[in-house]
Amino acid sequence: SRGFYIGRFQPYHNGHQSVLERIACSADEIVIGVGSAQVSHTVENPFTAGERVLMLTRSLADLDCPFYVIPIEDVQRNALWVAHVRSMTPPFDTVYSSNPLVMQLFAEAGMEVQSPDMYERLTHSGTVIRERMLDGEPWEHLVPPAVVDVIREIHGVERLQRIAGSD
Ligand code: ATP
Ligand code: MG
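Our subject in this report is the structure included herewith. By convention here, each chain's residues receive numbers from 1 onward along its written sequence. Following the order in which they are written, the chains are lettered starting with A and the ligands numbered starting with 1. The model is predicted, so local features are restricted to residues of pLDDT at least 70 and side-chain atom pairs to those at 80 or more, both for listing and for counting; the totals for chains, interfaces and linings are taken over all residues. By convention in this description, side-chain values take in all heavy atoms of the structure and omit both hydrogens and water.

Cis geometry is adopted by the peptide bond preceding P11, which originates at Q10 and carries an omega value of 0 degrees. Its location among the elements puts P11 in the loop between β1 (2-7) and α1 (14-24). A positive phi angle, near 55 degrees, is found at H41, a position not held by glycine. The helix count covers DSSP runs of H or I at least four residues long, the strand count covers runs of E at least two residues long, and both are numbered beginning at the N terminus. In this fold, H41 is placed in the loop between β2 (29-34) and α2 (49-59). A positive phi angle, close to 55 degrees, is found at H155, a residue other than glycine. The residue H155 is located in the loop between α6 (145-153) and α7 (156-163) in this model.

Below, the structure written as structure tokens:
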């Protein structure tokens, strides 16, 4: 069986990693969608799809399950979104998500949807991590070590702080 998991991963963090490590035990292969792939360099979405692919691929290098990381651009019609996703991904049978809209759209398409338990959601959230980066507070402990490396390499914190500034 092939599982599907999607997020924006701005950035990829230990909550995502925890879910993927759990899913890896119940599926033969995992398809990971990098959502809102066309968006970058904004305060909500600082990193490019390619940078997010790097974060995921490096963090999951030791996963004992084959995986595919696939950027997926937004479409402006939720009613067409599942078909759009499926047109870009290897076929999958189970969707793992706790996002209500994602769950609803896949359920309406007749797909099996499972909701993995959240991992320390209060601290492990992209929004919280971006706020910490902006405020110059520690964030490195909330993401896999490979993500720290990628964000350093691309000067990601400086980028976020600059684009959040006023002109
Ligand atoms: P943001 O605050 O930017 O929305 P996020 O932490 O919610 O970031 P997303 O990329 O939006 O991350 O989420 C991708 C998927 O990961 C969603 O289905 C979300 O519910 C799930 N997720 C987010 N945080 C956790 C967590 N701590 N534990 C388990 N799953 C999580
Ligand atoms: Mg979210």
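Inspection of the secondary structure assignment puts Q17 in helix α1. Considered as a pair, Q17 and V143 are 126 residues apart in the sequence and their alpha carbons are 8.4 Å apart. What makes two residues a contact is simply this: any of their non-hydrogen atoms within 4.5 Å. Other than its neighbours up to four places away in sequence, Q17 contacts Y12, S59, L60 and P144. For the purposes of these results, a polar contact is taken to be a pair of N or O atoms within 3.5 Å, where, inside protein, one atom must be able to donate a hydrogen and its partner to accept one; residues adjacent in sequence count only when each atom of the pair is a side-chain atom. A distance of 3.1 Å separates a polar side-chain atom of Q17 from the backbone oxygen of S59.

Turning our eyes to something else, we now look at α1. For an α-helix, the turn length of 3.6 residues means that residues three or four places apart are oriented alike. Of all eleven residues in α1, nine are buried; the element is thus mostly enclosed. Exposure classes here rest on a 1.4 Å probe applied to the protein chains alone. A residue is buried below 20% of its type maximum, exposed above 50%, and partly exposed in between. Listing the buried residues of α1 in full gives N14, G15, H16, Q17, S18, V19, L20, I23 and A24. Looking at the buried side of α1, the elements it contacts are β1, β2, α2 and β4 (94-96).

Okay, the packing of aromatic side chains next. Geometry of aromatic contacts follows a simple scheme: Phe, Tyr and Trp rings, the Trp one being its six-membered ring, pair when their centres are within 6.5 Å, and the pair is stacked under 30 degrees between planes, edge-to-face over 60, tilted otherwise. Summed over the entire model, instances satisfying the criterion amount to six aromatic pairs. Taking 5.9 Å as the distance between ring centres and 75 degrees as the angle between the ring planes, the aromatic pair formed by F92 and F106 counts as edge-to-face. Placement of F92 in the loop between α3 (81-88) and β4 and of F106 in helix α4 (residues 100-108) is noted, with a sequence separation of 14 residues between them. For F92, a relative accessible area of 8% corresponds to the buried category. Among the residues examined, F106 registers a relative accessible area of 0% and is labelled buried. One aromatic cluster in this structure is built from F4, W81, F92 and F106.

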